[in-house]
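Residue strings, one per chain:
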Amino acid sequence: MAVVRTGSWAMRLGITDQSDAYSWSSVYQQMTIPEDAARVMLSFWYYPLSQDSIDYDWQEALILDTDLQFLARVMKVNSDSQTWTHHTFELTAYKGQTIIVYFNVRNDGGGNLKTAMYLDDVSVQVWCQTITPTPTSTPTATTTPTSTPTGTPTSTPTPTGTSPSTPTWTPTPTETPVTYSLYLPLIWKHYCPPEARALWVTRWDYSNPEDIQEVVNRAANANFNIIFFQVRGQADAYYHSNYEPWAARLTGTLGQDPGWDPLATAVELAHAAGLELHAWINIYPVWLRETPPPSTTPEHMYNFFNELYGDNWVQWDDQGQPMQLNTYYLWASPGHQAVPEHIVQVCEDIVANYDVDGLHLDRIRYYRPEYSHDPVSRARFADAKTTDPELTWEEWQRSQVTALVSSVYEVISSKPDLMLTAAVWPIYQDQWGWITWDGYSGYYQDSQGWMEAEAIDAIAPMLYTITVQDYPDRFDVLVRDFVSHANGRHVWPGITADYASFDEIWSRIEMARQAGAAGQAIFSYSLVNQWDYWDEFRNGPYAVPAEVPPASWK
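The rules behind the values
Residues numbered from 1 in each chain as written. Predicted model: local features only at pLDDT ≥ 70, side-chain atom pairs only at ≥ 80, totals over all residues. Heavy atoms only, no water. Core = buried A, V, L, I, M, F, W, Y, C linked by side-chain atoms within 4.5 Å. Buried < 20%, exposed > 50% of the residue type's maximum accessible area, 1.4 Å probe, protein only. Helix = DSSP H or I, 4+ residues; strand = E, 2+ residues; numbered from the N terminus. Contact = heavy atoms within 4.5 Å. Phe/Tyr/Trp six-rings, centres within 6.5 Å; stacked < 30°, edge-to-face > 60°. Lys NZ or Arg CZ within 6 Å of the ring centre and 35° of its normal. Patch = residues over 30% accessible without salt bridge, like charges linked within 9 Å, V, L, I, M, F, W, Y side chains within 5 Å. Areas by Shrake-Rupley, 256 points an atom, 1.4 Å probe, with all protein chains shown as cover. Salt bridge = Lys/Arg side-chain N within 4 Å of Asp/Glu carboxyl O. Lys, Arg positive; Asp, Glu negative; His and termini not counted. Charge placed at Lys NZ, Arg CZ, Asp CG, Glu CD. Polar contact = N/O pair within 3.5 Å; in protein donor to acceptor, adjacent residues only side chain to side chain. Pairing = 2+ DSSP bridges. Axes fitted to C-alpha atoms, helices over the stretch in contact; angles between N-to-C directions. Expected span 1.5 Å × (residues − 1). Arc of directions from axis to C-beta.

A look at the nonpolar core
(1) Moving on: Ranked by size, the top nonpolar core spans 111 residues in total, and within it Phe 229, Leu 263, Ile 350 and Phe 537 carry the most contacts.
(2) Moving on: Element by element, the count of residues in this core is highest for helix H6 (residues 393-412), at nine residues.
(3) Moving on: For Leu 263, the contacting residues outside a window of four places in its chain are Phe 229, Val 231, Tyr 238, Tyr 239, Leu 277, Ala 279, Ile 350, Tyr 354 and Val 356.
(4) Moving on: Of all hydrophobic cores here, the second largest spans 27 residues; its members include Ile 33, Tyr 46, Ala 61 and Val 126.

And the structure:
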């Protein structure tokens, strides 16, 4: 029987005496678990230190595969116990596999807060059915040091307590434990700045649970870390909604329960793969047909609102004509009070019933600048003018959209960890004469104003329209414009995957990084699939996994 290595030394991960430094300090050991193992146990002692009382710093231990993909979490804490603690974790499920035992300490770098962890006596204990078992292979290690945390503690804590060599599990008399010790330090340290790597997944990208599993597998393997998962397209639902009917795409019939829940499935699978899942909803589009929706339970917004308000709730043009059903979207009016009330209810329903990591708003703007001159909006604007004679129609229109964003932000405040994000028009204000209608004056979308008002956590400018897609210089200018007005919030530039050369995508990711953007959003899953760029992401700009950047203001 091998002897567990003990002694007075300890290995330190993290920073104990340097402030304002982002740091990932890690150590790992690769080993193969014997095929004939009856029981396998990871055992180690750790001594955590942390001045950060919130979840931006942590100490953790993971099990990864040889591609550094997540298999299991052994422990994750943010502790300042300054006490040696013994921890064990079952590895029997990985018999016959080569795994990596990975320890990591993350420092967010905010203020003078430091987080570190000491490790000692890390071992993998194996029980086999034979008296003198032979491992299928000896443990191997791969190390790639790229950075070293600075500073040296004035003293090293000394482990005390019972040796961890004997786990709590007791083998049967026919089994003999053999311990394979992982002799630390075998150091792999690297710095990988947190950045959002979001992937838009439209409602046309999935039809069954197997489709969603494939989406998640591909996204996780390519080292994305966020999925924008569309669950509301035209006032319908790809989840169990208390306010809107099941989408017709799922069964062929609007309002028919498909027998499974796409959003619940996506949340579960994404979280199991280490991805965040943000529910993506179209805000003002209501219907996409030339014929009205059939009656359903719950009733579709088109039918319900028509019964209550006639056609006063849809967007009207400046000639006094209400928008009609057509082959494009019918849009609801931001200025009709019942519209935002309904949308807020939809958002509350999702947040209350699903473990999503955020809400992602799309088409949160007016249809075009000559809309919506509906009777309700005109009357409300006239009332507002009586108290503010200097108020313009354009300012009032923008305020209606901004008010809804603020209301949804209040909804997610019930769960402080949730993020509110939005896909926004690629040119906020056209200072360059590139387009006819910009976001601010053409669509009454004050996206930079939302950031200034702290009414949203992140925006994803859609920098892939015809005006921007083939102009990398414009892309760079626009990213820098949004970043310079972020007010400490996040900008995740939207990049299309619809390029014949992956270099076009990679160069834009690098432009976004150089401009100081907090991440990127790739449009879309189907386009990455079409060009089969999954390996290019994994082996290129996303070669090193990254955490989602924290919302430090929450």
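Back to the text.
Here's the deal with the packing of aromatic side chains
For any pair of aromatic rings, the description rests on two quantities: the centre-to-centre distance and the angle between the ring planes.
(1) Moving on: Overall, the coordinates contain 37 aromatic pairs when judged by the stated rule.
(2) Moving on: Note on Phe 44 and Phe 103: the rings are 5.0 Å apart at their centroids and 80° apart in plane angle, and the pair reads as edge-to-face. Within this pair, whereas Phe 44 is found in strand S3 (residues 37-50), its partner Phe 103 is found in strand S7 (residues 98-107), the two being separated by 59 residues in sequence. A single burial state applies to Phe 44 and to Phe 103, both of which are buried.
(3) Moving on: One residue, Arg 365, lies across the ring of Tyr 443, its end atom 5.8 Å from the ring centre.
(4) Moving on: A cation over a ring is seen here: Arg 378 above Trp 393, with NZ or CZ 4.5 Å from the ring centre.

With respect to a negative patch on the surface
(1) Moving on: Side chains of Asp 388, Glu 390, Glu 394 and Glu 395 sit close together on the surface and give a patch of like negative charge.
(2) Moving on: Within the element layout of this structure, Asp 388 appears in the loop between helix H5 (375-387) and H6.
(3) Moving on: On the basis of relative accessible area, Asp 388 is assigned to the partly exposed category, the value being 34%.

Concerning the side chain of Gln 69
(1) Moving on: For Gln 69, the position within the fold is in the loop between strand S4 (58-64) and strand S5 (70-77).
(2) Moving on: Aside from chain neighbours lying at most four places away, what touches Gln 69 is Ile 63, Leu 64, Ala 220, Asn 221, Asn 223 and Arg 538.

Notes on the environment of Asp 498
(1) Moving on: Along the chain, Asp 498 turns up in the loop between strand S19 (494-496) and helix H10 (502-514).
(2) Moving on: Along the backbone, Asp 498 and Ser 526 are 28 residues apart, and their C-alpha atoms lie at a distance of 9.6 Å.
(3) Moving on: Discounting chain neighbours no more than four positions away, the residues touching Asp 498 are Gln 469, Leu 527, Gln 530 and Trp 531.
(4) Moving on: Within the structure, the side chain of Asp 498 is placed 3.0 Å from the side chain of Trp 531, a separation counted as a polar contact.

Here we look at the environment of Asp 476
(1) Moving on: Along the polypeptide, Asp 476 turns up in helix H9 (residues 472-484).
(2) Moving on: Along the sequence, Asp 476 and Leu 463 sit 13 residues apart, while their C-alpha atoms lie 9.8 Å from each other.

Things to note about the sheet that holds S7
Think of a sheet as strands paired side by side through backbone hydrogen bonds, with each pair either parallel or antiparallel.
(1) Moving on: Pairing is antiparallel in the open sheet, where four strands are placed in the order S2-S7-S4-S5. Both outer strands of the open sheet, strand S2 (23-32) and S5, are each paired with one neighbouring strand and no more. Taken pair by pair, the neighbouring strands of this sheet meet at an average axis angle of 15°, ignoring direction.
(2) Moving on: Relative to S5, S4 runs antiparallel, the two being bridged by six bridges. Note that in S5 the partner of Ile 63 across the bridge is Ala 72.

Structural notes on H9
(1) Moving on: If you check H9, its first and last C-alpha atoms are 18 Å apart, about what 13 residues at 1.5 Å a residue would give, namely 18 Å.
(2) Moving on: Taken together, the buried positions of H9 are occupied by Arg 474, Phe 475, Leu 478, Val 479, Asp 481 and Phe 482. Across the axial projection of H9, the buried residues extend over an arc of 160°, all falling on one side. The exposed set on the far side of H9, more than 90 degrees from its buried face, consists of Asp 473 and Ser 484.

Observations regarding the pattern of salt bridges
(1) Moving on: In the structure shown here, the tally under the stated rule is 13 salt bridges.
(2) Moving on: With a closest N to O distance of 2.6 Å, Glu 370 and Arg 368 form a salt bridge.
(3) Moving on: Owing to a relative accessible area of 19%, Glu 370 belongs among the buried residues under this scheme.
(4) Moving on: Of the charged contacts in the structure, one is a salt bridge between Asp 476 and Arg 480, with a shortest N-O distance of 3.2 Å. Remark: Arg 480 and Asp 476 occur in helix H9; sequence separation between them is four residues, near one turn of the helix.
(5) Moving on: Residues joined by salt bridges that share partners form a network here, namely Glu 195, Arg 197, Glu 510 and Arg 513.

A closer look at the sheet that holds S19
(1) Moving on: Spatially, S18-S17-S16-S15-S12-S11-S10-S20-S19 is the arrangement adopted by the nine strands of the open sheet, whose pairing is parallel. The two strands at the open ends of the sheet, each matched to only one other strand, are strand S18 (490-491) and S19.
(2) Moving on: With two bridges joining them, strand S17 (residues 458-461) and S18 adopt parallel strand pairing. When the sheet's bridge partners are listed, Ile 459 is paired in S18 with Val 491.
(3) Moving on: Helix H1 (residues 209-221) rests against strand S10 (196-201) and strand S11 (226-232) of the sheet, and its axis sits at about 155° to S11.

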